[in-house]
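Next come the chains, spelled out residue by residue.
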Amino acid sequence: MPSSRPTSKRRLVRPSTVVGGLLLLLVGLALLAVPFLKAPGHAQGARTDLEAARSSLAAGDVASAEASVQSARRHADEVQGAMQGIGGDIWSLVPVLGEPVADVRHLGNALDHLTSAAEVAVGTWPAVNGRRATLFGNGSVDIPTLDRLVRAVDAVSTHLDTAQLELSEVGDSSVGVGTRLADARDEATRVVNPLAAAARRARPLTDVLPELFGAQGERTYLLALLNPSEQRFSGGAPLTVVPMKVSDGRLAMGVARDTSDPDLFRVGRWDKVEGNPFHDGKLRLSTSTYAPDWSVSGEELLRGWERRTDSEVDGLVAVDVVALADMLRITGPVEAPGYGTLDAVTFTEKLVGDYDTFPDNEARKELNRAIVPLFAERLLQPGDGVAKIESLRASARGRHFALWMRHPDLQAAVADVGLSGELSDTPHDYVAVFNQNTNRSKADYWQQRDVTSDVRLAEDGSARVRLTVSVHNDSPPYVQPFPDPRAGTYVTKWNGMTIGVFLPEGAEVTRAVAGGTPQGTRVFDYYGRPYKLLRLTLPPGATREAVLEYDVPAAAVAPGDGTVTYRLDATPQGLVRPQALSVTVHWPEGYDVDELPEGWTRTGRGVASYSDPGLVTQPGFSVTGSVAAAAAP
């Protein structure tokens, strides 16, 4: 008997329904992908705009820079809208295909922060640089503008740091586009990293600039004009000084004084800087700066000044004639008593390289006293703020400009941005050759110095080094009506010097020769760094050599994995004619050099060389050689 219950029917999903649903899903995803697919083009557009903005700012075209940054912002917003909106959310859920979305989002975030940093920079630029800049003007610093600059640097640094973090989140591989994304990340990182590092270095200094310029109360500094024609290990001799007071950004210059004036020239005693091997007994102000670090020489000079004048000071500004000349390149020529118009090309030569034309010493002193306030006056005149700051940074790298601040926080900020005039603290190989004038002449103006270092590495990272210092006295003919006294005058063409070679940590000298005469192997200690003294006397037109051979315990890093990484720092002296430096490094037998940093060349199997005809920065290098490289075809 048939059942009375109705028979149940199974519902079947038609194939056409499944296909239709998939088609709808694909259409929806395709529509959502439209902005996603446009994102790379917008990212490239933003990058092009940001590069254009940087070029426009460098050319002083603020209007074009602003337009480029505005365009970059539109592109960056399009990228963010595409990647951070619902389309990006949906695509991120799609198996396999959604894997790169997170990486693209991180790239978009990095671009957004980089654009924000550019917006802050361009917005602040007119107040710092250009005709209507308000940062500098009439011998003062505008504190409200300075506060704005401080906030801008903080904001830019934060945006760049965040961009770095976003880039670090981009993975190395994702299906389909992973290599392209990794390449984009690496390319962006190469741009962002140095910018972020520069902003981080600048941040501590900008944070303390208001205090440096007296925003929290009056501060007093001593400005020392250094003469590079008569060298000390720290730089040119401090022959003219002037006290300065700054309060709420307003600068007041004191009376410029020559350190050969009777009250300042007297030999005397003051408490030496602890550990300074170059303070031995009585000193003059003009002989107080023998130590190579300005944290030592600067403090010695301030203590001597206070002993002579009973005037306390908060810090020292040391600037030489070469740095002043570079400032004139930006601010224009100056009128000098007895010389008329001097520009960046003629300033150094006429001021410290042409003593034969001075009628007497008083005329020379008068010119120095007239010139020494020029630094502060030109620095604080309106306009060209960025160019003047860049000039000071370049002069500091070449050791023509330095600051010593007695307040620890201020000095730490100065050191962070490389304005402190210090030796490198590297534990590896180091080249730092300085000279001090010993015949009280101005013949260092014509000094031409070539330093060559030949380094032979061992597998444990130690090295044997042969350092040759060649000095040429390129002085002009002697023209005075009396015989050249060879010492003690401004007009002598003879050059007497003590060369100080500041060696790598732990170095042991095995051989020393100066002017063809063997020297002892004893070295002295400068705050843990050994140094060797060698004396030379150069007649006009003569060339003399000093040679040192020494062993370095840790010139390279050798972890025992078949690689030996040579590390070198170099420090220049602030000469009128920059010192030439050549370095040749030989790796152990069986090694060859890997990828070389800029400025280095492969000069043989396992041999690399570096050459700089005029060392005006303080470079640091890392060069790797390996057994694997030697075995490669």
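Along every chain, residues carry numbers that run from 1 in the direction the sequence is written. Only residues with pLDDT of at least 70 are given local features in this predicted model, and only at 80 or more are side-chain atom pairs given and counted; all residues enter the totals for whole chains, interfaces and linings. Each side-chain value is derived from all of the structure's non-hydrogen atoms; neither hydrogens nor water enter the calculation.

1. Looking at the overall build of the protein chain
Reasoning step 1: Of the regular secondary structure elements, the protein chain holds 15 helices and 26 strands.
Reasoning step 2: Burial classes follow relative accessibility: with a 1.4 Å probe on protein chains only, a residue under 20% of its type's maximum area counts as buried, one over 50% as exposed, and anything between as partly exposed. Counting every position in the protein chain, which comprises 633 residues, the buried fraction comes to 50%.
Reasoning step 3: Two residues form a contact once any of their heavy atoms are found within 4.5 Å. Counting only contacts in the protein chain whose residues sit at least 6 apart along the sequence, the fraction spanning at least 24 positions is 70%.
Reasoning step 4: Carbon and sulfur atoms make up 54% of the accessible area of the protein chain, which amounts to about 29,200 Å² in all. We count a stretch as a helix when DSSP gives it H or I for four or more residues in a row; a strand needs E for two or more, and each element gets its number in order from the N terminus. Methods summary: accessible areas were calculated by the Shrake-Rupley approach with a probe of 1.4 Å, and residue burial reflects only the protein chains presented.

2. Here we look at the side chain of Asp592
Reasoning step 1: By the secondary structure assignment, Asp592 is in strand β23 (residues 592-593).
Reasoning step 2: Looking at Asp592, the relative accessible area reads 5%, which means it is buried.
Reasoning step 3: Counting of polar contacts relies on pairs of N or O atoms within 3.5 Å, with two restrictions inside protein: one atom must be capable of donating a hydrogen and the other of accepting it, and residues adjacent in sequence are counted only when both atoms are side-chain atoms. A polar contact of 2.4 Å, which involves the side chain of Asp592, links it to the side chain of Arg602.
Reasoning step 4: Within the structure, the side chain of Asp592 is placed 2.8 Å from the backbone nitrogen of Gly606, a separation counted as a polar contact.

3. Some thoughts on the sheet that holds strand β19 (residues 543-552)
Reasoning step 1: Strands are labelled as partners when DSSP assigns at least two bridges between them. One open sheet accounts for eight strands, arranged β16-β15-β19-β13-β12-β22-β25-β24; its pairing is mixed. Single-partner strands in this sheet number two, and they are β16 (517-519) and β24 (600-604). Neighbour-to-neighbour, the strand axes of this sheet turn through a mean angle of 15°, independent of strand direction. Inter-axis angles, ranging from 0 to 180 degrees, are taken between N-to-C directions of lines fitted to C-alpha atoms, where helices are fitted over the stretch in contact.

4. A look at helix α14 (residues 408-416)
Reasoning step 1: All of the buried residues along α14 are Leu410, Gln411, Ala413 and Val414. Axial view of α14: buried residues confined to an arc of 160°, hence all on one face. Away from its buried face by more than 90 degrees, α14 exposes Pro408 and Asp409. To be clear, the arc concerns the directions from the helix axis to the C-beta atoms.

5. Comments concerning the packing of aromatic side chains
Reasoning step 1: Aromatic pairing here means that ring centres of Phe, Tyr or Trp (its six-membered ring) are within 6.5 Å. Orientation follows from the plane angle: under 30 degrees is stacked, over 60 is edge-to-face, and everything else is tilted. Counted under the stated rule, the structure contains 17 aromatic pairs.
Reasoning step 2: Between the aromatic rings of Tyr566 and Trp600, the centroid separation amounts to 6.5 Å while the plane-to-plane angle is 70°, which identifies the pairing as edge-to-face. Residue Tyr566 is found in strand β21 (residues 563-571), and its partner Trp600 is found in strand β24; the two are separated by 34 residues along the sequence.
Reasoning step 3: With relative accessibility at 0%, the residue Tyr566 sits in the buried group.
Reasoning step 4: Among the residues examined, Trp600 registers a relative accessible area of 6% and is labelled buried.
Reasoning step 5: Plain terms: the ring middles of Trp600 and Phe621 are 5.6 Å apart, the flat faces sit at 75° to each other, and that makes the pair edge-to-face. Here Trp600 is found in strand β24, whereas its partner Phe621 is found in strand β26 (residues 620-626), with 21 residues between them in sequence.

6. Quick look at the confidence of the model for the protein chain
Any segment with low pLDDT has predicted coordinates that should not be analysed in fine detail.
Reasoning step 1: The pLDDT score gives, residue by residue, the confidence of the prediction method on a 0 to 100 scale. Here the protein chain averages 86 in pLDDT, while 87% of its residues score no lower than 70.
Reasoning step 2: Within the model, pLDDT remains below 50 along residues 18-37, and this stretch shows 13 contacts once partners closer than five positions in the same chain are excluded.
Reasoning step 3: Between residues 93-98, whose pLDDT stays under 50, and residues either more than four places distant or in other chains, the model counts five contacts.

7. Comments concerning the pattern of salt bridges
Between side chains of opposite charge, a pair can form as their charged atoms come close.
Reasoning step 1: Counted as salt bridges are all cases of a side-chain nitrogen of Lys or Arg within 4 Å of a carboxyl oxygen of Asp or Glu. Evaluation of the coordinates by the stated rule reveals 23 salt bridges.
Reasoning step 2: Among the salt bridges present, the one from Arg73 reaches Asp77, with a minimum N-O distance of 3.1 Å. Here the residue Arg73 and the residue Asp77 both occupy positions in helix α2 (residues 62-84), the gap between them amounting to four residues, near one helical turn.
Reasoning step 3: A relative accessible area of 15% places Arg73 in the buried class.
Reasoning step 4: For Asp248, the salt bridge goes to Arg250, with nearest N and O atoms at 3.7 Å.
Reasoning step 5: A relative accessible area of 37% places Asp248 in the partly exposed class.

8. Remarks on the pairing of β21
Reasoning step 1: Judged from the four bridges that link them, strand β11 (residues 429-437) and β21 form a sheet pairing that is parallel. Bridge assignment links Asp429 to a residue of β21, and that residue is Leu568.
Reasoning step 2: As judged from the two bridges shared by strand β20 (residues 556-557) and β21, these two strands associate in the antiparallel manner. Each bridged residue has a counterpart across the sheet, and for Ala556 the counterpart in β21 is Tyr566.
Reasoning step 3: Counting the residues between successive antiparallel strands, the hairpin from β20 to β21 contains five residues, one of them, Gly560, with a positive phi of roughly 85°.

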